[in-house]
Amino acid sequence: PHALTTEEINSLLSAPDTNTPLGLRDRAMLETLYATGLRVSELVGLTVDRVRLDPGFVRVLGKGGKERLVPLGGGAVAWIEKYQKGSRPELDQHRAPELFLNHRGHRLTRQGFWKILRNHGLTAGIRSQLSPHVVRHSFATHLVEHGADLRSVQMMLGHSSLTTTEIYTHVARERLRRLYDEKHPRA
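Describing helix α6 (residues 110–123)
Given 3.6 residues per turn, any residue in an α-helix points the same way as the ones three and four places further on.
Then step 1. Compared with an ideal rise of 1.5 Å per residue, which puts 14 residues at 20 Å, α6 spans 20 Å between its outermost C-alpha atoms and is within 8% of the ideal.
Then step 2. Regarding α6, the residues found buried are F113, I116, L117, H120 and G121. The arc that holds the buried residues of α6, viewed along the axis, is 135 degrees, so those residues lie on one side. Opposite the packed face of α6, turned more than 90 degrees from it, sit the exposed residues Q111, K115 and L122.
Then step 3. Those residues of α6 that are buried lie in contact with α1 (6–13), α2 (21–36), α3 (40–44) and α7 (132–145).

Structural data, given as structure tokens:
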């Protein structure tokens, strides 16, 4: 999949109307998705007790029942706090354990999240294919572009093999090539 630009990500994150309960939930979900690189099933299955806002991390139950810790950035923490204090109590009619709930107070489905993401993508003016995996790919690509090592990215994504994560080395090579072309006097 392709990666969104930083500008596209910023437009996507600011697309929800946070003056509404569902808009506040959507902003918190999008911030969490981009901040952590979770798979869509991991995001919609994330329970309140697996989110630690004070130290800023989530305990994710990934593929094969493997658990991993993923850092949670300050922006995502702030939006989750707003959602938990603002609209989640309104939505939580059934005492659901999941963090992100649909308008009926039940666990959000993968398909439901896809629809939410697609709608906010259109609002943000993103014309390329948009899926939760594209946001996950953007998370990893932007980390590598800014100097993160592949082993750390592998751990955050929950890849069992570094080989799976090596697709992001092309990003580092492309960045190196651009840097060379821009900076070397004889390029």
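A few points about the side chain of H142
Then step 1. Residue placement: H142 occurs in helix α7.
Then step 2. In this structure, H142 is in contact with L4, T5, T6, I9 and Y34, ignoring residues within four places of it in sequence.

Describing the packing of α2 against helix α4 (residues 74–85)
Then step 1. Viewed as axis vectors pointing N to C, α2 and α4 meet at an angle of 155 degrees, and their least axial separation amounts to 8 Å. Here α2 is positioned roughly antiparallel relative to α4, judged by the angle of their axes. As for the relative orientation of α2 and α4, their crossing is left-handed in sense. Contact residues: L24, R25, R27, A28, E31, T32 and A35 in α2; G75, A76, W79, I80, K82 and Y83 in α4.
Then step 2. For the contact of α2 with α4, a count of residues per class yields 7 nonpolar, 2 polar and 4 charged.

Re the pattern of salt bridges
Then step 1. Following the criterion strictly, the structure yields 7 salt bridges and no others.
Then step 2. Here D26 and R25 are joined by a salt bridge, their closest N and O atoms 2.7 Å apart. Accessibility assignment for this pair places D26 and R25 in one class, buried.
Then step 3. A salt bridge links R39 to E42; the shortest N-O distance between them is 2.6 Å.

What counts and what doesn't
- Residues numbered from 1 in each chain as written.
- Predicted model: local features only at pLDDT ≥ 70, side-chain atom pairs only at ≥ 80, totals over all residues.
- Heavy atoms only, no water.
- Helix = DSSP H or I, 4+ residues; strand = E, 2+ residues; numbered from the N terminus.
- Expected span 1.5 Å × (residues − 1).
- Buried < 20%, exposed > 50% of the residue type's maximum accessible area, 1.4 Å probe, protein only.
- Arc of directions from axis to C-beta.
- Contact = heavy atoms within 4.5 Å.
- Axes fitted to C-alpha atoms, helices over the stretch in contact; angles between N-to-C directions.
- Parallel < 35°, antiparallel > 145°, perpendicular 65-115°, else oblique.
- Left-handed = near helix turned anticlockwise from the far one by under 90°.
- Nonpolar A, V, L, I, M, F, W, Y, C, P; charged D, E, K, R; others polar.
- Salt bridge = Lys/Arg side-chain N within 4 Å of Asp/Glu carboxyl O.

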